[in-house]
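The primary structure of each chain is shown beneath.
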Amino acid sequence: MASSSSSSIVITSASTCSYDVFLSFSGEDTRYSFTDHLYHRLQRAGLRTFFDNDAINKGEELEPEFKTAIEQSKASIVVLSKSYATSSWCLDELVLILEQRRRCDRDHFVLPVFYGVTPSDVRNQKGSFDIHVKLSSSKWSNHNVNKWKIALMEVANLAGHVLSGPETIFLKEIVETVYNNLDRKDVCLPVNITGMESHDKEINSWIEQSNLEFLVIYGMGGSGKTTLAKYIFHSNFKKFESVSFLEDIGRTCEGVNGLLVLQEQLLNDISWGKCRKIPSVSCGTPLIEDALRTNKALIVLDDIVERKQLVALLGVGRINAQSKIVVTTRENTDNWFDFSYSRCQKYEMKLLNNVEASQLLCRHAFGSNTPMAGFKEFVLHAIHYCEGNPLALEVLGSSFTNNNTIEYWKSQLNLLEKDMHLEIQNVLQTSYESLPYKSVKMLFLHIVCFFIGKDLDYVETILEPDYSAILGIKILINRCLLYVSPNKKLTMHRLVQEMGKNIVRQESDLPVKRSRVWLSGDSYMILKKGKGSKVVEGLALDMNMLSEEDIAFKSSNLTTDALNNMDRLKFLQLNFVELNGSYEDFSKDLRWLCWLGFHLRAIPPNLYMRNLVAIDLSYSKLEVFEPPMVLQSLRILNLKDSHNLTHILNIFKIPRLETLILWNCYSLVNVCNTLGDLTSLALLNMTGCHNLTKSTFCFPFSLHRLFLKDCHLERTESFPLSFCLQLDLQYLNLGSSLFESLPCYSHLEYLRVLDLSFCSRLKCLLCLPSTLEELYIYGCELLERITFQAPRFTLQEFGYLGCIHLFEVEGFFKLVPIAKVDETDLGHMKWLQQYQYHEVCLVGDDELTVGRSWHIQLLYEFNIMSTSLPDIRDPNMTPKYKSKSSSLSFDVPWCPNNKRLKGINVTFKYGISGDECIWFCKISTANGVVDMMYNPKVFGKPESGEVCIWLSYWPIGYTLNIGDTLNVSIVVLSGLEVHECGASLVYSDKETLEDNMECAEILGGDLSRFHLSKGAYYLCRRDFSELVEVGRLTPDWFRILAGDTIDYTEVRGWRKTGRPKQVNPSFTELKTVRCIIHGPQSEEIYNIAEMLKSSIDYKSAASASSLLKVESKSGTRFDLFNKIVEAIATEKMRGGYPERVRDQENLNA
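Residues numbered from 1 in each chain as written. Predicted model: local features only at pLDDT ≥ 70, side-chain atom pairs only at ≥ 80, totals over all residues. Heavy atoms only, no water.

The name an unreviewed UniProt entry gives the protein chain is TIR domain-containing protein, with Tagetes erecta as the organism.

Structure below.
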C-alpha cells in the first residue's frame, strides 16, 4: 500500500517543500519491518518523510492527496519488494513519482530500493513483477498495465540500492545517498567566509577520533567562533543520525524561560522529531541525557556563558561515543568538562593572518580580494587596527562599501584612534559585562590603562591588596580578555584594550572627570591647570612621549596642586616630570608610584607613602634614600640607574620589602647594616655597584635571587662569598668578579642558576651543587676545570663560549691538548705525542671551539677517546680491518696468548663537502649486545681539497666474544665525504679496570638517559631537530642513522644530558620568572646592552664562528673573542636572538 505522512522537523529548511522524502512501498510485506525501520532512520537524520496514512481523513480520495505529497517532496524512495507490483496504488504512486521527476527536470530525486528482488526482475517483469490485464478489475486495464510496465522499466534503470548484507548497513547507505543528493543546507554560512582552511587539520582530527566527544572553541568576542562552529556543522552533519544547532545561548538564557526553550529545541532535534513539552529545566535534563546515550548526534552549543547552562542542556551522564558536541564560549576554562564519561579537546580560536584579513576586509569594502588602486596603505592601516579580528574587519569593510573615497577612508581611520565602532564595542563589551565581580571589572580597566606589557608578578603584587588580582587576572585570562606571554608579560588584543579605554571615556567628556587618565596630553593639561578631581584613580604622564607628540609641551612649570586634589589617586606614573609645590596633601590611597627621573635629592619628608606597594624611582637624582616613615605595605623598591645615590639609610623601615633593585647605582658606597634584618627580601639586584663597601652590611637570610654582577668582587676573609646563611638562594650572579675560585656551594641545595660570566681570573670551579640546573661562564678565559658534588652532569643549560682554556667539565667532556696529556694516560696511543704541535681546526660545538688553540687535542666523552689529525702517514694508524667505503664488518678472532681484548680503535679519512658537517660513528654486533651511535662533540675540519683523519678508542673489549660479528660504520648525514674507514682490536697484557664492568660504566657512568627503547645507546649531546626545522637537515635523518626500528620521537628535544625529562618544577618557575621589576616601562628603555655579555647564546655564537677561518694567535685570542661578542650583541639588539636568551637577560637585570 502507498505510504503517507507523519513527519517531524529536525532542521528547518529554507525550501517551500513540505517534505524531504516521499516513501512508496507495499504495506503487505514491509510496513512493519524494513520500511518502518527506514522511516525512523530518515527521521533521526532530520529528513521530513511522508509515510503511512494517519494524516488522511477516512473517505477522502487518496490519489489527490498522494499527488500533492509527491509534488511537495524533494525526493522519493521506492521500496520495490515482492508484493510491490501486486498493488495498483503502489504502481500509481510510481507513475506519479516518475512524472514529477520529469516535470522537475530531474531535480526530484528518485531512489529505487530493491528489497528481496533484483533490478533484472523489475526491468524484465519477472516473478511478481510479471503483471497482466485483469478482466475482473477495471483498474487493471490494458492502458494502466502498459503504463505501469513502462514505469517499472524506467525505475529499474535508475541507480539504486540492492539489499546485500546486514540491513543496518543497508539502511545507513540509503539515508546517506538521500542526504548527499538533497544537498541540504543545514545552517546559513556567512557571506565572504574566510580562513576556515587553517582550522581543517585540527578539526578533522577531532571528528575522526573516537571517544573524544567535546570540542570547545574559545576566544575573544568577534574572533569567528560561531562561524567556525557553523562551518564544522555544515561540513559534517550528514554523518550523524540527528543534529541540533543552538545559537546564541547566552542571550537566549537572558529571556523568560530561555533555558527551557533551548532544552525543548534540543530534545526535539535529537528525539526523531517527537515534540515534547518540558515542565521545568530540572525535568528536561534527564530526558536529554536519555536521548544522548543512544543517538549518534552532532550538536553545537553556541556561546555558552556558564557551566550550569552546559549541565542543564547535556547533563553529566554518558554520551554516545560516536556523538560530537561543539561548544563555543568566550571562556578558557578547565573545569567545565570534567564529566566522568566524556573527553574534551580545547581549541583556541586563531585570528586571521594578514593575507586572510586583507581578503575579508576587501571583500566587504570593494567586492574583491584585493584593494582598489590607491587604497593599499589604508587597508594595511585597517588591518593593523583590527589585529585579525574577523568581526572588526567585516564591520569596517562594510562601512566603506558605499563610500570608497580616499577622504572618507582617512576620516574613518582617524576616528578609530579616538573612538570605537559601536557594533564592535557592543560585541567585545559583552565579555566585560559578564565578569562576575565589580572588583574584577575595575581590575580590568586598571590593567587596560596602565599595566599592559608589564610583568605578571609585578602587577599582581601591586593590585592584589585592593582587587584580589591573582584571582581576577585568572578570570580575565579565562574570559579571553587578557593573555600572559611566555616571558610573563600581560598582553591584550588591541580591540579589547580599546574597548576598555572606551568604557572609561564614556564616564565623561572631560578627562579630569574620568577615573583613569592614561594619555600624556590629557594628564599634562590637568597638571598644568592645577585642577584635579576626586574621581581620578590613576594618572600617567611621560614627558618624553609629549616631546614626540607636540613640541609645544616642552616648556612647562608644573605643580603638585592638581595631584593634591586627587583624593582617590592610587596609581601615579610620571616619567621625567618635574613638579614644584608641596607633597603634603598627596592621596593617602596611593599604591603605585612610578616616577622615572625623579628630580629631588631626597624623598620629601611630608610625602605620605604608608600604603605604597611599589615604588619605581629609576633614573632619579636621589643622593640619599631614607624612608620618611615605616612603610609596612611596600613590597618593591626600584632605584635603578640613580647615579648620584650614595647612601641608603634606615631600610629597616621597610620590613616587608621583597624586591630591591639598585642596578647601576655606581656611586653607592653604603647600605645600612639593617639590610640583613629584612626577613622578606627575596630579590636583591646590586649589579654595577662596584664602589659599595661590602664589609658594611650583610645579606638577608631570605634571599632567593642575588645579582652582584659588575661589582668587581674579590674573595676575602671579610667577604668570603660563601653565602652560608642564604640557604634558599636559587639564582646567583657574580659576573665580572675578580676571584680565582669559589668556596664549595654544596650547602646551597636550592641553587638552580649560577652566572659567573667574564670572571677573568677564575681558574677552577669545584664541587658545584648537583641541584644546579643552569651555569653560565661566558668569557672566563682562564677557567680550566669544573667538577660537581655528584659526578653526573645534570645541567639543563650551560653557556661556556670564550672559555678557551676549559679542558674538563666533569661528566660532560674532557678536551686536552696532546702536549698536556700524560704519557700513561695515552696508553696504546702514546705515539700521538710526536704530533702534538700539528694543527687542525676543530668544529662541532662552537662554544667549545671558538678561540681555542688549533694544536692537536684529545677528546674524552662517554669514556670514548678521540682525536682529529691532519693527513699523516704513521704505521700506528694502519688498521687491521680496512674498507674503501664508509662501513666494514669482521668477526672477532681468538686473543693472542697472554693477552686480553681491551677495546677497539676506529678510524676514518674524510674530506668536507658542505658547510654543516653532521655524522655518527656506529658500532654494533650482530647479536645486539653492542649497539652504539656516537656523535663527537668536536672533530677536525680540513681545508677545502684536503683530508683529515679521525681516530678513536672505544673500551668495549669485555663485551665482545670470540666469533662475534662486529659492524663498524660512519653514517654521514651532511657535509662529509668518507674516503676510507678502518678498525683494529686493542689488547692488553693484564687485567684492566674495564673487566667485570657494565657497559654504561665503561662508557662513563649512568647512561640511562642515552639508552633508547630498542637497546641502542645514542651517544649525542645535540638536538638535531632544530636543523630539520630550518631546512639544514633532511627530515628522515634519524631513519638513515638508526633504521626503521627506532621511533624518531625518542630523540626529539635531545639535550646535553640526553633524553628529555620533566625538569625540576622550581627550575621551570625560576626560568620563567621575571626579575626585571621596573614598574610601568618595558625594559627597552633600559640599556640591556650592558649585560649582553653575560647572556650570550651558543646559537648566536655559531653565526660568528666564521670569524675563525684563520688561525687565532695566542696574543690576539681574547681580542677575537671580544669581536665575536660584539657581533653577537649587535645581532641581539636588532632582535635576532632566541627568547631563551632574552629571559636570561631579564634574570640578569
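> Looking at this structure, how should I read the overall build of the protein chain?
A tally of helices and strands in the protein chain yields 34 helices and 47 strands. Per-residue burial for the protein chain yields a buried fraction of 56% across its 1149 residues. Counted over contacts in the protein chain with a minimum sequence separation of 6, partners at least 24 positions apart contribute 64%. When the accessible area of the protein chain is evaluated, it comes to approximately 48600 Å², of which 49% is carbon and sulfur surface. (Helix = DSSP H or I, 4+ residues; strand = E, 2+ residues; numbered from the N terminus. Buried < 20%, exposed > 50% of the residue type's maximum accessible area, 1.4 Å probe, protein only. Contact = heavy atoms within 4.5 Å. Areas by Shrake-Rupley, 256 points an atom, 1.4 Å probe, with all protein chains shown as cover.)

> Please explain the side chain of Ser-883 as it appears in this structure.
Structurally, Ser-883 can be placed in strand β38 (residues 881-883). Relative accessible area serves as the criterion here: at 16%, Ser-883 is assigned to the buried category. Among the polar contacts listed, one links the side chain of Ser-883 to the side chain of Ser-885, at a separation of 2.8 Å. A polar contact of 2.9 Å, which involves the side chain of Ser-883, links it to the backbone oxygen of Ser-887. Apart from residues lying up to four places away in sequence, Ser-883 is in contact with Leu-888, Glu-980 and Cys-981. (Polar contact = N/O pair within 3.5 Å; in protein donor to acceptor, adjacent residues only side chain to side chain.)

> Help me understand the pairing of strand β39 (residues 887-891) in this model?
Regular strands place their side chains on alternate faces of the sheet. Of the two faces of β39, only one is covered, namely that formed by Leu-888 and Phe-890; the face formed by Ser-887, Ser-889 and Asp-891 stays uncovered. Bridge count for β39 against strand β45 (residues 965-974) is 5 bridges, and the pairing is antiparallel. The partner of Leu-888 across the bridge, within β45, is Val-968. (Pairing = 2+ DSSP bridges.)

> Would you mind showing me how to read the sheet that holds β45 here?
Either a parallel or an antiparallel arrangement is found when strands of a sheet pair, and the pairing is made through backbone hydrogen bonds. As summarised here, the arrangement of the 5 strands in space is β39-β45-β41-β42-β47, forming an open sheet in which the pairing is mixed. Each of the sheet's edge strands pairs with one partner strand only, and the pair in question is β39 and β47 (1017-1019). On average, adjacent strands in this sheet sit at an angle of 15° to one another, irrespective of strand direction. Relative to β45, strand β41 (residues 918-925) runs antiparallel, the two sharing 8 bridges. The residue bridging Ile-918 from the neighbouring strand is Ser-974, located in β45. (Axes fitted to C-alpha atoms, helices over the stretch in contact; angles between N-to-C directions.)

> I'm lost on the sheet that holds strand β37 (residues 864-870) in this one. Help?
Pairing within the open sheet is mixed, and its 10 strands lie in the order β29-β31-β33-β34-β36-β37-β44-β40-β46-β38. The sheet is open, and its two borders are formed by β29 (764-768) and β38, each paired with just one other strand. By the bridge criterion, 7 bridges tie strand β40 (residues 900-912) to strand β44 (residues 948-954) in an arrangement that is antiparallel. Paired with Tyr-910 across the strands is Cys-948, a residue of β44.

> What's the story with the pattern of salt bridges in this structure? I'm lost.
A side chain with one charge can pair with a side chain of the opposite charge if their charged atoms come near. Enumeration according to the criterion identifies 27 salt bridges in this entry. With its nearest N and O atoms 3.1 Å apart, the salt bridge here joins Asp-457 to Lys-488. You can see Asp-457 sitting in helix α20 (residues 456-467) and its partner Lys-488 sitting in the loop between β11 (483-484) and β12 (490-491), a full 31 residues away along the chain. Its relative accessible area of 24% is what places Asp-457 among the partly exposed residues. Arg-505 is the partner of Glu-498 in a salt bridge, and the nearest nitrogen-oxygen pair spans 3.8 Å. Both residues of the pair, Glu-498 and Arg-505, count as buried. (Salt bridge = Lys/Arg side-chain N within 4 Å of Asp/Glu carboxyl O.)

> Whenever I open this one, the pairing of strand β46 (residues 976-988) confuses me. Can you help?
One ladder, built from 3 bridges, connects β38 with β46; its direction is antiparallel. Bridged to Lys-882 within β46 is Gly-982.

> Just to check I follow, could you spell out helix α17 (residues 406-416) for this structure?
Side chains that are three or four residues apart share a direction in an α-helix, a result of its 3.6 residues per turn. Those residues of α17 lying buried are Trp-409, Gln-412, Leu-413 and Leu-416. When α17 is viewed along its axis, its buried side chains cluster within an angular range of 95° and face the same direction. Of the surrounding elements, those touching the buried residues of α17 are α14 (354-365), α15 (376-386) and α16 (390-399). (Arc of directions from axis to C-beta.)

> Mind showing me how you'd approach the nonpolar core here?
The tendency in soluble globular proteins is for nonpolar side chains to be buried side by side. Among the nonpolar cores identified, the biggest contains 178 residues, and Ile-777, Ile-786, Ile-904 and Tyr-1018 are the most heavily contacted of them. Contacts of Tyr-1018, omitting those with residues within four sequence positions, involve Phe-920, Met-933, Phe-1010, Leu-1012, Phe-1024, Trp-1037, Phe-1038, Leu-1041, Val-1051 and Trp-1054. Core analysis: the next-biggest nonpolar cluster, separate from the first, contains 65 residues, Ala-382, Leu-416, Ile-447 and Phe-451 among them. (Core = buried A, V, L, I, M, F, W, Y, C linked by side-chain atoms within 4.5 Å.)

> Would you explain the packing of aromatic side chains in this entry?
Centre distance and the angle of the planes are the two values used to describe a pair of aromatic rings. The tally for this structure, following the rule as stated, stands at 54 aromatic pairs. Relative to Phe-939, the ring of Trp-919 lies with its centre 5.4 Å away and its plane at 75°, an arrangement referred to as edge-to-face. Of the two residues, Trp-919 sits in strand β41 while Phe-939 sits in strand β43 (residues 938-941), which places them 20 residues apart along the sequence. Pair check on accessibility: Trp-919 and Phe-939 agree, each one buried. Members of the aromatic cluster, joined through ring pairs, are Phe-862, Phe-908, Tyr-910, Trp-919, Tyr-934, Phe-939, Trp-950, Trp-954 and Phe-1010. A cation over a ring is seen here: Lys-296 above Phe-240, with NZ or CZ 5.5 Å from the ring centre. Of note, Lys-441 hangs over the ring of Tyr-432, and the distance from its end group to the ring centre comes to 5.6 Å. (Phe/Tyr/Trp six-rings, centres within 6.5 Å; stacked < 30°, edge-to-face > 60°. Lys NZ or Arg CZ within 6 Å of the ring centre and 35° of its normal.)

> Can you help me understand the packing of helix α11 (residues 258-270) against helix α12 (residues 281-294) in this one?
To describe two helices that pack against each other, one gives the angle between their axes and the distance between the axes. One can describe the packing of α11 onto α12 by two numbers: an axis separation of 10 Å at closest approach and a directional angle of 20°. Taken as axis vectors, α11 and α12 run roughly parallel relative to one another. The two elements α11 and α12 meet at a crossing, and its hand is left-handed. Each of Leu-259, Leu-260, Gln-263, Leu-266, Leu-267 and Ile-270 in α11 lies in contact with α12, whose residues at this interface are Val-281, Gly-284, Thr-285, Leu-287, Ile-288, Ala-291 and Leu-292. Per-class residue counts for the contact of α11 with α12 are 10 nonpolar, 3 polar and no charged. (Parallel < 35°, antiparallel > 145°, perpendicular 65-115°, else oblique. Left-handed = near helix turned anticlockwise from the far one by under 90°. Nonpolar A, V, L, I, M, F, W, Y, C, P; charged D, E, K, R; others polar.)

> I'm lost on helix α22 (residues 494-505) in this one. Help?
Across its 12 residues, α22 extends 16 Å between first and last C-alpha, which sits within 8% of the 16 Å expected from 1.5 Å per residue. Among the 12 residues in α22, 12 count as buried, and that is most of the element. Those residues of α22 lying buried are Arg-494, Leu-495, Val-496, Gln-497, Glu-498, Met-499, Gly-500, Lys-501, Asn-502, Ile-503, Val-504 and Arg-505. Taken together, the buried residues of α22 touch α15, α16, α18 (422-433), α19 (438-451) and β13 (516-517). (Expected span 1.5 Å × (residues − 1).)

> Just to check I follow, could you spell out the environment of Asn-487 for this structure?
Mapped onto the fold, Asn-487 is located in the loop between β11 and β12. We classify Asn-487 as buried; its relative accessible area is 15%. One polar contact links Asn-487 to Ser-485, side chain to side chain, over a distance of 2.3 Å.

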